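# Architecture and fold: a report
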Amino acid sequence: MQVPTTPSYKLFSHPGDRSFKLQSTSKDITLRVPTIIETSILLDILENKENSKFDKSISDANTQELESIAHRWTTISHPLTHLNFLIWNGDTPIGIGGLGWIGPCDKTQPEGPRAGAAGVVLQPFARGKGFAYEALKMVFEYGLCGLGLAEVRIGSYSENIPMRMVMEKKFGLVTETIEGVVDEFGNDLLWVVRMDDLESF
Ligand SMILES: CC(C)(COP(=O)(O)OP(=O)(O)OC[C@H]1O[C@@H](n2cnc3c(N)ncnc32)[C@H](O)[C@@H]1OP(=O)(O)O)[C@@H](O)C(=O)NCCC(=O)NCCS
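Procedures and definitions
Residues numbered from 1 in each chain as written. Predicted model: local features only at pLDDT ≥ 70, side-chain atom pairs only at ≥ 80, totals over all residues. Helix = DSSP H or I, 4+ residues; strand = E, 2+ residues; numbered from the N terminus. Rg over C-alpha atoms; globule rule 2.2 N^0.38 Å. Buried ≥ 20, exposed ≤ 12 C-beta atoms within 10 Å, placed from the backbone. Contact = placed C-beta atoms within 7 Å. Near = placed C-beta within 6 Å. Nonpolar A, V, L, I, M, F, W, Y, C, P; charged D, E, K, R; others polar. Arc of directions from axis to C-beta. Pairing = 2+ DSSP bridges. Axes fitted to C-alpha atoms, helices over the stretch in contact; angles between N-to-C directions. UniProt positions renumbered as here; feature names shortened; annotations may be inferred. Parallel < 35°, antiparallel > 145°, perpendicular 65-115°, else oblique. Left-handed = near helix turned anticlockwise from the far one by under 90°. Core = buried A, V, L, I, M, F, W, Y, C linked by C-beta atoms within 7 Å.

## Some details on the overall build of the protein
Along the backbone of the protein there are six helices and eight strands. Helices and strands in the protein line up, N terminus first, as β-β-β-α-α-α-α-β-β-β-α-β-α-β. Its C-alpha radius of gyration of 16 Å places the protein within 12% of the 17 Å reference for a compact globule of 201 residues. Its C-alpha atoms give the protein principal-axis dimensions of about 40 × 40 × 35 Å. In the protein, buried positions account for 31% of the 201 residues. Sequence separation of at least 24 residues holds for 56% of the intrachain contacts in the protein that already meet a minimum separation of 6.

Structure representation (structure tokens):
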């Protein structure tokens, strides 16, 4: 098992604590669980069609459903079933990302090793600066090293070129897609990140 020699983030506290955050060690990026008063910031991001066009889980949702998604993002459960962050560049919220789902790798073995499903959405003004790569790297590392997950999965739609570029060009990952399988969010591509991958990021 290969834990990265240079951590991508500095960790403050733990999930559920108000001061919990991950601060990037190489870019001005901080990941924090949004508070309830930050729901309007989440909604701004979720309602922007430019952000949701490749993600059926939000593009097809009505305002009430988006409010419910945003509210869930402000919550922490024990054991963790999700861990979502607002992404900050200095004092500016620039996007959302994290683990929208955490659960058993194999549904038939609920007590077995756990996995997470990661995602990232950046506001258009914050794109093209490497922030998506950085935020995802922190999420992968925290999921695997901090939470002890066995793997982190990332699904995407094959026409989402920016996301493919992040995963294939910047992370250098090869898809583990199962031919012809499309998940409930319309994703036909799947990447899986494991502990041994971290050192090469
Ligand atoms: C996917 C997303 C997060 C990527 O953000 P980003 O800021 O462009 O990401 P990065 O800057 O870290 O890397 C993107 C890379 O892809 C390249 N790229 C982006 N769009 C491209 C395109 N249309 N064609 C070719 N390359 C492209 C960029 O040049 C960059 O590579 P570089 O740094 O070597 O130049 C952003 O586009 C987004 O929020 N999209 C909407 C939400 C979404 O689809 N999320 C993914 C679902 S989980």
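## Overview of the site of the ligand
Near the ligand there are 23 residues, and of these G119, R127, A132, P162 and M165 occur at the shortest range. Elements that contribute at least two residues to the shell around the ligand include exactly strand 6 (114-122), helix 5 (131-146) and helix 6 (161-170). With seven residues, the single largest contributor to the shell around the ligand is helix 6. A class-by-class count of the residues in the shell around the ligand yields 12 nonpolar, six polar and five charged.

## Here we look at helix 6
The set of residues buried in helix 6 consists of M163, V166 and M167. One side of helix 6 holds all its buried residues, which, seen down the axis, span an arc of 80°. Summarising the geometry of helix 6, the exposed residues directed more than 90 degrees from the buried face are I161 and K169.

## Comments concerning the sheet that holds strand 3 (residues 30-32)
In space, the eight strands of this open sheet follow the order 1-2-3-4-5-6-7-8, with mixed pairing throughout. Whereas interior strands pair on both sides, the edge strands pair on one side only; in this sheet they are strand 1 (9-12) and strand 8 (189-193). The average angle at which neighbouring strand axes cross in this sheet is 25°, direction not considered. Pairing analysis gives four bridges linking strand 1 to strand 2 (residues 21-24), with the strands arranged antiparallel. Considered in strand 2, the bridge of K10 is made with Q23.

## Comments concerning the UniProt feature "domain: N-acetyltransferase" (unreviewed entry) in the protein
Taking the UniProt record as the reference, the feature "domain: N-acetyltransferase" (unreviewed entry) is found at residues 43-169. End-to-end, the C-alpha atoms of residues 43-169 are 30 Å apart, and along that stretch the chain is 39% helix and 28% strand.

## Some details on the packing of helix 1 (residues 39-47) against helix 4 (residues 63-73)
As a packed pair, helix 1 and helix 4 sit with axes 9 Å apart at the nearest point and diverge in direction by 130°. One element, helix 1, and the other, helix 4, form an angle in the oblique class. Of the two possible hands of crossing, helix 1 and helix 4 adopt the one that is right-handed. Counted together, T39, L42, L43, L46 and E47 of helix 1 and L66, E67, I69, A70, H71 and W73 of helix 4 form the full contact between these two elements.

## Quick word on the nonpolar core
In this structure, I87, A118, A135, L136, V139 and F140 are the most contacted members of the largest nonpolar core, which totals 42 residues. Ranked by residue count, the leading element in this core is helix 5, at nine residues. Here I87 is in contact with I29, L31, I94, G95, I96, G97 and A135, once residues within four sequence places are set aside.

## Focus on the pairing of strand 4 (residues 83-89)
In terms of burial, strand 4 is a largely internal element, five of the seven residues being buried. Here strand 3 runs beside strand 4; their pairing, made up of three bridges, is antiparallel. Paired with L31 across the bridge in strand 4 is I87. Pairing of strand 4 with strand 5 (residues 92-104), which is carried by seven bridges, proceeds in the antiparallel orientation. Bridged to W88 within strand 5 is P93. The hairpin formed by strand 4 and strand 5 contains two residues between the paired strands, and G90 there has a positive phi angle of roughly 60°.

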